[in-house]
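# Examining the three-dimensional arrangement
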Amino acid sequence: MSELNANAGATEGEEANPLEQSTITMLDVLEHEKEMEDEYAAVLGASDEKSCTYAKGAIGRQALYSCLTCCPEAREDLAKAAGICLACSYRCHEHHELVELYTKRNFRCDCPTQRLGKCSLNPQVEGVQPRNEGNLYNQNFQGLYCKCKRPYPDPDRTVEEVMLQCAICEDWYHLPHMKAPGSCEKWLDTCSEMICDGCMDAKPFLKDYTGLALQPVVNDSKEAKPEVEDNQLKNELDRSISDIMKVPEGESQEEEGEPSKKRPKLEDCRRPKPTKHQGAAFWTNDWRKSLCQCSECLSLYKELAVEFLLDAEDSAKTYEERGMKRAEENSSYEQGIRALASIDRTQQIDAITEYNRMKDKLKEYLQAFAASKKVVTEEDINRFFAGMRNENNANLGQPYFCR
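The structure presented is a predicted model; accordingly, all values stated were derived computationally and were not measured. The residue count restarts for each chain, going from 1 along the sequence in the order it is written. With pLDDT at 70 or above as the cut-off, local features in this predicted model cover only qualifying residues; side-chain atom pairs require 80 or more to be listed or tallied, and sums for whole chains, interfaces and linings still use all residues. Only heavy atoms go into the side-chain values, all of them from the structure, while hydrogens and water stay out.

### Some words on the side chain of glutamate 193
- Only DSSP runs of H or I reaching four residues or more are called helices, and only runs of E reaching two or more are called strands; each is numbered from the N terminus. Along the polypeptide, glutamate 193 turns up in strand β6 (residues 193-195).
- We call a residue buried when its accessible area falls under 20% of the maximum for its residue type, exposed when it is over 50%, and partly exposed in between, using a 1.4 Å probe and counting protein chains only. Judged by relative accessible area, glutamate 193 falls into the buried class, the value being 9%.
- Counted as a polar contact is a pair of N or O atoms within 3.5 Å, where, for protein atoms, one must be capable of donating a hydrogen and the other of accepting one, and residues adjacent in sequence contribute only when both atoms are in side chains. A distance of 2.9 Å separates the side chain of glutamate 193 from the side chain of tryptophan 287, its partner in a polar contact.
- A polar side-chain atom of glutamate 193 sits 2.6 Å from a polar atom in the side chain of arginine 288.

### A closer look at the packing of aromatic side chains
- In this scheme Phe, Tyr and Trp rings, the latter by its six-membered ring, pair at centre separations within 6.5 Å, and the angle between planes marks the pair as stacked below 30 degrees, edge-to-face above 60, and tilted otherwise. For the structure shown, the criterion picks out ten aromatic pairs.
- Pairing tyrosine 137 with phenylalanine 141 gives two aromatic rings, centres 5.1 Å apart and planes at 65°, and the pair type is edge-to-face.
- Residue class for tyrosine 137 comes out buried when judged on its relative accessible area of 18%.
- Of the aromatic side chains, those joined through ring pairs into one cluster are Tyr365, Phe369, Phe384 and Phe385.
- In our convention, an over-ring charge means Lys NZ or Arg CZ found within 6 Å of a ring centre and within 35 degrees of that ring's normal. A cation over a ring is seen here: arginine 105 above phenylalanine 308, with NZ or CZ 3.6 Å from the ring centre.
- In this structure, arginine 108 packs its charged tip against the face of tyrosine 54, placed 3.9 Å from the ring centre.

### Remarks on the pairing of strand β3 (residues 98-107)
- Among the ten residues that make up β3, seven are buried, leaving the element largely enclosed by the rest of the structure.
- Pairing of strand β1 (residues 59-67) with β3, which is carried by seven bridges, proceeds in the antiparallel orientation. Looking at β3, one finds that glutamine 62 is bridged to lysine 104. When DSSP finds at least two bridges between two strands, those strands are taken to pair.

Written out as structure tokens, the structure is:
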């Protein structure tokens, strides 16, 4: 309360200047830069930003964009849609209306094909190439998502949107628009993948494995501690995994020295019994490793076109981890920290002094805009730093005399 009154007293006198109240250090700048780089790396870090991926064929997973400038008919006709790789979004479709598709699996860049035309990053390709028949397109290429078929971000929404991508159809869904357990919002930080209710119904074998999925926890105590709920969830998950992986009834575990004919055959189906699961499913890490790989189940996966579930590199999370690992080697944060550590104390003091001088001058420069309520433009910022460079150049070569 005293802190609140003190702040109120300050406003009664002279209105505080937000520029004077806020402070920033060189470490703050590097940490903020690292956060931005982490976000970039998660989506784009594992994709090639310099070379078109068309020549490599269908890529297991890559960042993609849909160009509505080159394919305006795609807004109404999905058959007219086209997807381009990261490099083509920079070079061939710069300043176009692009729809960010996050990542898609087994997709080949459409830039040099009949869907779009000539690709400037593939000069070795002669003429326009035929369409990529193996590519799959959904409503995301039209800039629409979920069952509500709305854009993202939705201009009509006034609250924050939470959307999850389905691991099967790769569309994005709002939680309230799916059939899902009421407690699923608590699982957002825990689940590794989500499969929407439509795909769970279309691929019914997945319901047999929902013992590996996160389950609602029935807790009668309203004052139960969160850690108790987490432990109960973990124990139930462990029991479910044990039930799924256990030896079928009638087959006792072999003891040492028993004939090999009593051992379970590799072709024995390990698919668990069907369950009564309804709605979307939220999965933990490594749930795919428990999928049965007997010949019958492998044929089923092929028939339902979900063989990618057996690929350890297929998941979006694995893709993000590859991107993060790749970006760590060239992070500006790491480079900045190494640069500061590599110079001697005198140079560190000089760098900090120059940084503080630049910060003070920038604050003074921006105060004039705040006082006149003028919007700061890119030209204004460029003008400021051009003045700083001219000032530094004027100081070069001036002798210093110690008196």
